[in-house]
Amino acid sequence: MRGLVALLLLVACQGAAAEALLERFSHTAWSVNEGAPADVWTLSRSQRGYLWLGTGLGLYRFDGVRFDRYPLREGQRLRSTNINALIELPNGDVWIGLYAGGTVRLRDGIASAHGEAQGMPPGRVLRFAQTGDGTLWAASTGGLARYVDGRWQTVGADWAYPAAAAYYVFVDRRGTLWVAAPDTVWFLPAGERRFRRSGALVSRHAVLAEDPQGRVWVSDALLGTRPLGAVPEQPRLAGPGAAPVVQAKQLLFAGDGSLWLTDVRGGVLRLPAPQRIASGQALAAADLPERFTRQQGLPADVAVPLVEDAEGQVWVGTNYGISSFRQRRLREVPELALKPHHGFTIMAHGDGVLATNWDQPLYLAPPAPPQLRPRRAPVRAGTAAPDGALWEVDSEGIWRSGPDGRCRIELGVAPRVLALAPDAGGGAWLAVDEAGIFHADCAGARRERSVERGSALPTAIATSADGSVWFGYDDELLHLAGGRVSRYTAADGLLVGRATTIAPARQGGVYMAGEAGFARFDGQRFGLVSAAQDEAFAHITGIIELPDGELWLNGGRGLLRVAAADVDALFAGPQARRNYRLLDWRDGLPGVAQQAQLTPTALRDRAGRIWVATNRGVAWIDPADVPRNERPPPVEIQSLRAGDRLLTPQAGMRLPEGTRTLAIRFTALTLAVSDRARFRYRLDGIDGDWQEAGHRREAVYANLGPGRYRFRVIAANADGVWNAEGATLTFEIAPRFWQSPVFQVIAVLAVLALAWGLYLLRARAIATQVRLRLEERHRERERISRELHDTLLQGFQGLILSFHAATQRIQDLELRQWIERAIERAEAAMIEGRERMRELRHLPELGSALEDALALAGAALVAEGCAFRVSVSGDRRRLSPLLCDELLLIVREALSNAARHARAGSIEVALIFEDQGLRLRISDDGIGIAAPVLARGYREGHYGLQTMRERARRLGGTLAIGAGPAGGTQVEISLPAALVFAKGGGWWSTLWRRRRRS
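Residues numbered from 1 in each chain as written. Predicted model: local features only at pLDDT ≥ 70, side-chain atom pairs only at ≥ 80, totals over all residues. Heavy atoms only, no water.

**Things to note about the overall build of the protein chain**
Turning to step 1, where the next piece is worked out: Counting its regular elements, the protein chain contains 10 helices and 69 strands.
Turning to step 2, where the next piece is worked out: For the protein chain, restricting intrachain contacts to residue pairs at least 6 apart in sequence, the fraction spanning at least 24 positions comes to 54%.
Turning to step 3, where the next piece is worked out: Put simply, the protein chain shows about 47600 Å² of open surface, and 52% of that area lies on carbon and sulfur atoms. (Helix = DSSP H or I, 4+ residues; strand = E, 2+ residues; numbered from the N terminus. Contact = heavy atoms within 4.5 Å. Areas by Shrake-Rupley, 256 points an atom, 1.4 Å probe, with all protein chains shown as cover.)

Here is the structure:
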């Protein structure tokens, strides 16, 4: 009885599947609620990859994700927004035909209207077509027109076209132009100038199309939809018993050869094999079993235009949005989808699989119909062993079924199995909750404690062809081989979370999946794709590696296909460019990968088909039936938003000054599952590397400064094929005045001027301080000079006079002469004292005076036999009198050292006048100063060198002591101009001196 019920249920399911409408296609709708425009009357595929929508609300373009109104330039507008016809020419021009009459050419955002004044016949424009010679034709209710030399011309008797209207035009593969007139169909062979009449009778608003066999089809209200035949058509006899005709608003022959129609009664119809319809035979309603209407999800029943994109999707326009139909690659098993509550099990068996939904096992080996198998007990999990035996866990226990019979596995405990993996020896490894890990066969079970981790048990087990076993825990993997256990943990890079499935790799190593990622162990190290990097690689419960290395992964986002050449790139690190194809509900996958399974949820049968178990059913796919889209998607930068302004991208565009934030919108022109396109972008000068955008189609930047920028974006299609060239946009952000180079130069100059002014002020303050100290010292010298003159010299003068008077009284001539000589020496000393007092009060003021003073000082201090020379270079300038004495004191000390200690044979004093200041250099050829003394800066018990440095420092200059270029010692004093030179002349005097020297 139970088998009979199951059989009846299976028959009912097969009947329902036979009546399913467009069951091999997934449908996606964009209604007005999802942003689509209403009243879509015409569709066209652009050369770039957009979908053009001519609507009652204007012209739109669709990139598979967003609808954008055609971007007209500022000041441009359409004469009317109610569009009936649409075509894009090879040169990029877009022509639209208006419901109100007339046409408009759109080129680079500029609209050029063409009405009756430009030769266009009156009435609604219904259709465009372009012939091989480049001529554009338009069908309108006011006649047929052709566009030549910038004007429209109405086609009439000169072309043997007698009709006063045209409702449809199209060009077949032979280049013949076909025109549906009010009563018949006319055609113009390529290269000819006279239309010919076909034998077709039509009513108004007939539509035309060409099938893959080259036959022209017509559909109208008179005779319905049919391929034209060689015999002229006869009028249809109307009557109460006449069958209703199938009239289409538009016809489309898709790439697979099927015929799509938008029905005047509402909805979409599909004829899978139109080649079976004989020429001249009209379609009957029974010929079209596949219908899709608003009841099945179409945005509205009022549907008109049809178009197929480059990826094979069929698009339908309605008065409440658009729909796409995409052929499903996966085949669901509808017989198992009725009761998904307890999950699904798939086991390789024979040439197909044995699948169950708990209630009833089915043997599936397409294209053969499903076969019922006897039911014993509800199966919770099962898998096939390498020897073909089936291992099952059901409500009654654990079972092994093989050619040698069926046996129950006895563990001695209540079997609550967590993981199961058969091996090639007729046994299986099991992880049993609260019991441990066992290796079991029909003879019994043995516990394997070496791979147990305390109370934790593996949630995934796999066996390799070499007999080794892998056990997966949370971020941990154990390998049992030859009685030895190897352990790998998160420290080795294994960060996949709770283990969900394991699969040995064909080239050695193992794949391990978990709730948090997917890893590969190549025998030396782990490569990882974490869920944070790409969530498509999380919750994988089925892994299949094909003989060529291609991977198929059944995961929480769908079924992933990774080409063999792209597998290594998966594990190349966080910045890896991962290429894969994701198959989901749009490809016919029911749900997502089944979780918490004891056995893998994906397998490959002998025929090469891949089977997957999901949370909603079982499906299969032939890998050869999934063509890879090798066409890199064109990438386009659509708009820039600078602040609150929306701008159209243009090469070298200049953004408003002060722009700080920028949002750049871009897209990839691939209409097939366009939401799976992935992007990378970078803004040169801001981004150090490519930024992963995922599926996001906008880049936002903040805190941008003025300057030139280059933005680049690349994209990959749903199959992971990248357009490495992408799209590039260069732009410039204009600076505000204070950000401009001129202002920056002025600001730098101002800062330098301020710094120079501060330096001058500081130098002047130092000079003032030095001058005040020297003036104070000079006043002190004057005081000392006065006191010496008033006291000491006057006293000496009085003594000399007294001695003179006393000498006159001395009678001893010899004594008298001696005293007179002493008085002469005293007078000479007094004269020298007066000279010294005069020097105290009057310092040399000119360079020449300083030169003379240096010469005198050298003559007085340098010993006989030593050559002494004073040289002057540069433009002599008046020196500050307050500094000369200090300089003389430093020079005297240096000359004294050279004469007394260095035993010099030659001494030279160089006085060097420069624009920057004064340099005074004393050089000798003596024995020099010992290196320790130079390093220390003074000789023990002597203070001459220290005194010289102190005097130079007080003057605001520097003093350097070292070895001369030819040996000996060199002392150099450097004083800045602001301190050493007397005031007068200023910077212009310096410039004049430089110019005079040049």
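There's more to say after this.
**Here's the deal with helix 8 (residues 944–954)**
Turning to step 1, where the next piece is worked out: Buried within helix 8 are the following residues: Gly 944, Leu 945, Met 948, Arg 951 and Ala 952. Down the axis of helix 8, the sector holding all buried residues measures 125°, keeping them to one side.
Turning to step 2, where the next piece is worked out: Positive backbone phi, at 85°, marks Gly 956, one or two positions downstream of helix 8. (Buried < 20%, exposed > 50% of the residue type's maximum accessible area, 1.4 Å probe, protein only. Arc of directions from axis to C-beta.)

**Some remarks on the sheet that holds strand 23 (residues 268–271)**
Turning to step 1, where the next piece is worked out: What the four strands build is an open sheet, ordered 21-22-23-24; its pairing is antiparallel. Each edge of the open sheet carries a strand with a single partner, namely strand 21 (248–253) and strand 24 (290–292). Pairs of neighbouring strands in the sheet enclose a mean axial angle of 20°, with direction left out of account.
Turning to step 2, where the next piece is worked out: Pairing geometry for strand 22 (residues 259–263) and strand 23, over four bridges, is antiparallel. Pairing of Trp 260 across the sheet is with Arg 270, part of strand 23. (Pairing = 2+ DSSP bridges. Axes fitted to C-alpha atoms, helices over the stretch in contact; angles between N-to-C directions.)

**Concerning the nonpolar core**
Turning to step 1, where the next piece is worked out: Counting residues in hydrophobic clusters, the biggest one holds 36 residues, and the most contacted among them are Leu 850, Leu 854, Leu 879, Leu 918, Leu 920, Ile 922 and Leu 959.
Turning to step 2, where the next piece is worked out: Looking at this core, the elements that each hand over two or more residues are helix 5 (847–861), helix 6 (881–900), strand 66 (906–913), strand 67 (917–924), helix 8, strand 68 (958–963), strand 69 (969–976) and helix 9 (977–980).
Turning to step 3, where the next piece is worked out: Residue contributions to this core peak at nine residues, all from helix 6. (Core = buried A, V, L, I, M, F, W, Y, C linked by side-chain atoms within 4.5 Å.)

**Concerning a nonpolar patch on the surface**
Turning to step 1, where the next piece is worked out: A cluster of nonpolar side chains, contributed by Val 745, Val 748, Leu 749 and Leu 752, occupies part of the molecular surface with about 370 Å² of accessible area.
Turning to step 2, where the next piece is worked out: With respect to the helices, strands and loops of the structure, Val 748 is situated in helix 3 (residues 741–807).
Turning to step 3, where the next piece is worked out: Under the relative-accessibility criterion, Val 748 is labelled partly exposed at 47%. (Patch = residues over 30% accessible without salt bridge, like charges linked within 9 Å, V, L, I, M, F, W, Y side chains within 5 Å. Salt bridge = Lys/Arg side-chain N within 4 Å of Asp/Glu carboxyl O.)

**Some points on the pattern of salt bridges**
Turning to step 1, where the next piece is worked out: In the structure shown here, the tally under the stated rule is 48 salt bridges.
Turning to step 2, where the next piece is worked out: The partner of Glu 732 in a salt bridge is Arg 708, and the shortest N-O contact between them spans 3.6 Å. Of the two residues, Glu 732 is situated in strand 64 (residues 722–733) and Arg 708 in strand 63 (residues 707–716); the sequence distance between them amounts to 24 residues.
Turning to step 3, where the next piece is worked out: A salt bridge links Glu 972 to Arg 921, with the nearest nitrogen and oxygen atoms 3.0 Å apart. On the criterion of sequence distance, the pair formed by Glu 972 in strand 69 and Arg 921 in strand 67 is long-range, its members being 51 residues apart.
Turning to step 4, where the next piece is worked out: Residue class for Glu 972 comes out buried when judged on its relative accessible area of 19%.
Turning to step 5, where the next piece is worked out: Its relative accessible area of 22% is what places Arg 921 among the partly exposed residues.

**So, the state of the cysteines**
Turning to step 1, where the next piece is worked out: This structure, assessed with the given rule, holds one disulfide.
Turning to step 2, where the next piece is worked out: Put simply, Cys 407 and Cys 442 are joined by a disulfide, and their sulfur atoms are 1.7 Å apart. The chirality of the disulfide connecting Cys 407 with Cys 442 is left-handed, given an S-S dihedral of about -60°. Of the two residues, Cys 407 is situated in strand 36 (residues 405–409) and Cys 442 in the loop between strand 39 (436–441) and strand 40 (444–447); the sequence distance between them amounts to 35 residues. (Disulfide = S-S within 2.5 Å.)

**Re the side chain of Arg 270**
Turning to step 1, where the next piece is worked out: Mapping Arg 270 onto the fold places it in strand 23.
Turning to step 2, where the next piece is worked out: For Arg 270, a relative accessible area of 8% translates into the label buried.
Turning to step 3, where the next piece is worked out: Separated by 3.0 Å, the side chains of Arg 270 and Glu 290 make a polar contact.
Turning to step 4, where the next piece is worked out: Apart from residues lying up to four places away in sequence, Arg 270 is in contact with Leu 22, Phe 25, Asp 256, Ser 258, Leu 259, Trp 260, Leu 288 and Glu 290. (Polar contact = N/O pair within 3.5 Å; in protein donor to acceptor, adjacent residues only side chain to side chain.)

**Topic: the environment of Gly 555**
Turning to step 1, where the next piece is worked out: Relative to the elements of secondary structure, Gly 555 occurs in the loop between strand 50 (551–554) and strand 51 (559–562).
Turning to step 2, where the next piece is worked out: When its relative accessible area of 0% is taken as the criterion, Gly 555 is described as buried.
Turning to step 3, where the next piece is worked out: As for Gly 555 and Gln 595, which are separated by 40 residues in sequence, their C-alpha atoms are 8.8 Å apart.
Turning to step 4, where the next piece is worked out: Among residues more than four places away in sequence, those in contact with Gly 555 are Ala 538, His 539, Ile 540, Val 592 and Ala 593.

**Considering the sheet that holds strand 4 (residues 58–62)**
Turning to step 1, where the next piece is worked out: Strand order in the open sheet formed by four strands is 2-3-4-5, and the pairing between neighbours is antiparallel. Since the sheet does not close on itself, it has two edges, and those belong to strand 2 (40–45) and strand 5 (67–69), each with one partner. With direction set aside, neighbouring strand axes in the sheet form an average angle of 25°.

**Things to note about the pairing of strand 55 (residues 618–621)**
In summary, the side chains of a regular strand alternate between the two faces of the sheet.
Turning to step 1, where the next piece is worked out: Because side chains alternate across strand 55, one face comprises the buried residues Val 618 and Trp 620, and the other comprises Ala 619 and Ile 621, equally buried.
Turning to step 2, where the next piece is worked out: One ladder, built from four bridges, connects strand 54 (residues 610–613) with strand 55; its direction is antiparallel. Each bridged residue has a counterpart across the sheet, and for Trp 611 the counterpart in strand 55 is Trp 620.
Turning to step 3, where the next piece is worked out: Between strand 54 and strand 55, which follow one another and run antiparallel, lie four residues, and Gly 617 among them has a positive phi close to 160°.

**What to know about the environment of Arg 606**
Turning to step 1, where the next piece is worked out: Topologically, Arg 606 is positioned in the loop between strand 53 (602–604) and strand 54.
Turning to step 2, where the next piece is worked out: Classification of Arg 606 by relative accessible area gives exposed; the value is 67%.
Turning to step 3, where the next piece is worked out: For the pair formed by Arg 606 and His 349, sequence separation is 257 residues and the distance between their alpha carbons is 8.8 Å.
Turning to step 4, where the next piece is worked out: With residues near it in sequence (within four places) discarded, Arg 606 still touches Gly 350 and Asp 351.

**Details of unusual backbone geometry**
Turning to step 1, where the next piece is worked out: Geometrically, the link from Pro 366 to Pro 367 is a cis peptide bond, its omega value of 5° lying close to zero.
Turning to step 2, where the next piece is worked out: In this fold, Pro 367 is placed in the loop between strand 31 (361–364) and strand 32 (371–372).
Turning to step 3, where the next piece is worked out: The phi dihedral of Asp 39 is positive, around 55°, even though this residue is not glycine.
Turning to step 4, where the next piece is worked out: Among the structural elements, Asp 39 can be located in the loop between strand 1 (25–31) and strand 2.
Turning to step 5, where the next piece is worked out: Judged by its relative accessible area of 27%, Asp 39 is partly exposed.
Turning to step 6, where the next piece is worked out: The residue Ala 160 is not glycine, and still its phi comes out positive at about 60°.
Turning to step 7, where the next piece is worked out: By secondary structure assignment, the location of Ala 160 is in the loop between strand 13 (151–155) and strand 14 (168–171).

**What to know about the pairing of strand 4**
Turning to step 1, where the next piece is worked out: Counting buried positions along strand 4 gives five out of five residues, so the element sits mostly inside the fold.
Turning to step 2, where the next piece is worked out: Counting the residues in the hairpin turn of strand 3 (residues 51–55) and strand 4 gives two residues.
Turning to step 3, where the next piece is worked out: Note: strand 4 against strand 5, three bridges, orientation antiparallel. Within strand 5, the residue paired with Phe 62 across the bridge is Phe 67.
Turning to step 4, where the next piece is worked out: In sequence, strand 4 turns back onto strand 5 through a hairpin of four residues, with Gly 64 there showing a positive phi of about 100°.

**Quick look at the confidence of the model for the protein chain**
Note that predicted coordinates carrying low pLDDT should not be read in detail.
Turning to step 1, where the next piece is worked out: Per-residue pLDDT for the protein chain has a mean of 84; in total, 88% of the residues score no lower than 70.
Turning to step 2, where the next piece is worked out: Element-level mean pLDDT values for the protein chain span from 39 in helix 1 (residues 2–18) up to 97 in strand 15 (residues 177–180).
Turning to step 3, where the next piece is worked out: Predicted confidence is poor over residues 1–20, with pLDDT under 50, and the contacts of this stretch with residues over four places away or in other chains come to 15 contacts.
Turning to step 4, where the next piece is worked out: Between residues 843–847, whose pLDDT stays under 50, and residues either more than four places distant or in other chains, the model counts 17 contacts. (pLDDT = per-residue confidence, 0-100.)

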